[in-house]
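# Per-entry structural report
Residue-level listing of the chains:
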Amino acid sequence: MENEKKKVIFSGIQPTGCITLGNYIGALKNWVELQNDYNCLFSVVDLHSITVRQDPVQLRKRCVDFLVQYLACGINGEDNLVFFQSHVPQHAELSWILNCYTYMGELSRMTQFKDKSSKHADNINAGLFTYPVLMAADILLYQTDLVPVGNDQKQHLELARDIAIRFNGIYGDTFTVPEGFMPKAGARIMSLQEPTSKMSKSDPNENGFISILDRPDAVVRKIKRAVTDSDNLIKVREGHDGINNLITIYSAITKKSNEEIEAEFDGKGYGDFKMAVAEAIIEELKPIQQRYDELIKDKAYIEQIYTNGAKIAQSLARRTLSKVHRRVGFVDRKF
Ligand code: ATP
Ligand code: LTN
C-alpha cells in the first residue's frame, strides 16, 4: 500500500466449503493479475459466512486455510492487505449505518438471498437478508475503485453502487462509487455435474466442483466424469452447457480463444479434450499446491500477514467511518 496514488481494489471470499476452480478463475486469478497496479485489500469475509450455520472449530481452521490459499495463489501478502473481515470492526459498524439507507424492496430482489433462503429454509435469518449491505460496507469503507468478482456478484455490486450514490446524494461526496471487474472468460464457471448451475463451493456433491487443492488423480477423475452430451464435438454451441463449460475452463487457463480451441481439437473427441483440460488444470494448480504445502506450516508468518493487514486496514477504515459519522450528524468523539 505504499503508493497512495494507485486506485483501490477490494475483494473477498466467504470461508465456506473449499476454494473452487470457479472462485479461482472468476476472482482469485484476477486479483493476482491486478495486484501490482492497484492498492489491494483482500479479505476472508468471515462475517458473511455465518449467515449460514458453521461449525466453530472448522470455521476457525478454514479461515486460516483460505488466507493461506490466497497467498499460495500468488497474492503478495506484504504489498497488499490480506486480513480477516472480523478483525476490522468498522465493517460491521458501517454496515449498520448503510442498513438505514437500503430499502427492504431492494434486498428482497437479490437472487442470492432467494437461492440461499430456499436452500436453508430452516434458517432464513436477518443476516442472510442484509448480507449485501455488509458487502457494500466492505467495499465503500476503503473508497474502493474496482471490485474483481465473478458474474454472480453483479447484482450485489450494483446495489453497493446505488447505496453509495444515494448516500452521496443526501450528504455530499462521501464514498467512491465502485466499478466491477469480471473476467472475459470464466466469470461464471458451471458445475461439472449440473452444467446449468454455477460451480459452488458448498455443493454437497464433490464431483460438481474442483477444489484448488485437489490433487492430480482427483482432477482427472472429476473431469472424466464431467457431464457432457453424446455428440462428441468440441465446439461452443447454445444448449451444450457441459462442453461449453469445459471449453471456458480451458480457455481461461490457457488464454486460448474458443476458435483456437475448436481448431486444436477439430476431429478429436471428448476423451482427448477432457485429458487436455485435466492436464491444464493440474499444471495451473501444481505451483499453488506446492506453495500451500510450505506456507501452511509457517504459523508465525501467516499470523504476521493477517495482523499487519488488519491493523493498516483499520486505520484506513477509521478515516471513512469518521467522515460518515460527521455527515450523518453524530457528535465528534473526543477520545
Ligand atoms: P457458496 O457456494 O458458499 O455460496 P461461492 O462458490 O459462490 O460460495 P463466494 O464466496 O460466494 O463463493 O464467492 C467468492 C468469489 O468467487 C466471488 O467473486 C464470486 O463471484 C466468485 N465465484 C463464485 N463461484 C463462481 C463461479 N462458479 N464462477 C466464477 N466465479 C465464481
Ligand atoms: N458476496 C461475495 C463475497 C464478498 C465480497 C465482498 C466480494 C463479501 N464482501 C466485497 C467483493 C467485495 C460473494 O462472493 N458471495
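Described below are features of the structure shown in this document. Starting from 1, residues in each chain are numbered consecutively following that chain's sequence as written. Both sets of labels track the order of writing: A upward for chains, 1 upward for ligands. Given that this is a predicted model, residues contribute local features only at a pLDDT of at least 70 and side-chain atom pairs are listed and counted only at 80 or more, while totals for whole chains, interfaces and linings are drawn from all residues. Calculated side-chain values reflect all of the structure's heavy atoms, with hydrogen atoms and water omitted.

## Describing the packing of aromatic side chains
Threshold: Whether two aromatic rings pair depends on their centres lying within 6.5 Å, for rings of Phe, Tyr and Trp, where Trp uses its six-membered ring; planes under 30 degrees apart make the pair stacked, over 60 edge-to-face, and the rest tilted. Counting from the N terminus, the helices are DSSP H or I runs at least four residues long and the strands are E runs at least two residues long. Only protein chains enter the accessibility calculation, which uses a 1.4 Å probe. A residue is then buried if its area is under 20% of the maximum for its type, exposed if over 50%, and partly exposed in between.
Evaluation of the coordinates by the stated rule reveals 13 aromatic pairs. Seen from their ring centres, Phe-83 and Tyr-142 are 6.3 Å apart, and the 65° between their planes marks the pair as edge-to-face. Here Phe-83, found in strand 3 (residues 81-84), pairs with Tyr-142, found in the loop between helix 7 (126-140) and strand 4 (146-148); they are 59 residues apart in sequence, far enough to count as distant. Classification of Phe-83 by relative accessible area gives buried; the value is 0%. Each ring, one from Phe-113 and one from Phe-129, has its centre 5.0 Å from the other, and the planes form 75°; the classification is edge-to-face. Linking Phe-113 in helix 6 (residues 111-119) with Phe-129 in helix 7, this pair joins segments that are 16 residues apart in sequence. Accessibility classification places Phe-113 together with Phe-129 in one group, the buried group.

## Observations concerning the nonpolar core
As a reminder of what qualifies: To qualify as a nonpolar core, a set must consist of buried Ala, Val, Leu, Ile, Met, Phe, Trp, Tyr and Cys residues joined through side-chain atoms within 4.5 Å. We call two residues contacting when some pair of their heavy atoms lies within 4.5 Å.
Counting residues in each nonpolar core, the largest one holds 62 residues, and the members touching the most others are Leu-28, Tyr-70, Ile-223, Leu-246, Ile-249, Phe-273 and Ile-281. If one sorts the elements of this core by residue count, helix 12 (residues 270-295) sits on top with 12 residues. Sequence-distant contacts of Leu-246, defined by excluding residues within four places in its chain, comprise Leu-192, Ile-223, Ala-226, Thr-228, Phe-273, Lys-274 and Val-277. Counting 38 residues, the second-largest nonpolar core is a separate cluster that includes Leu-128, Ala-136, Val-147 and Ala-160.

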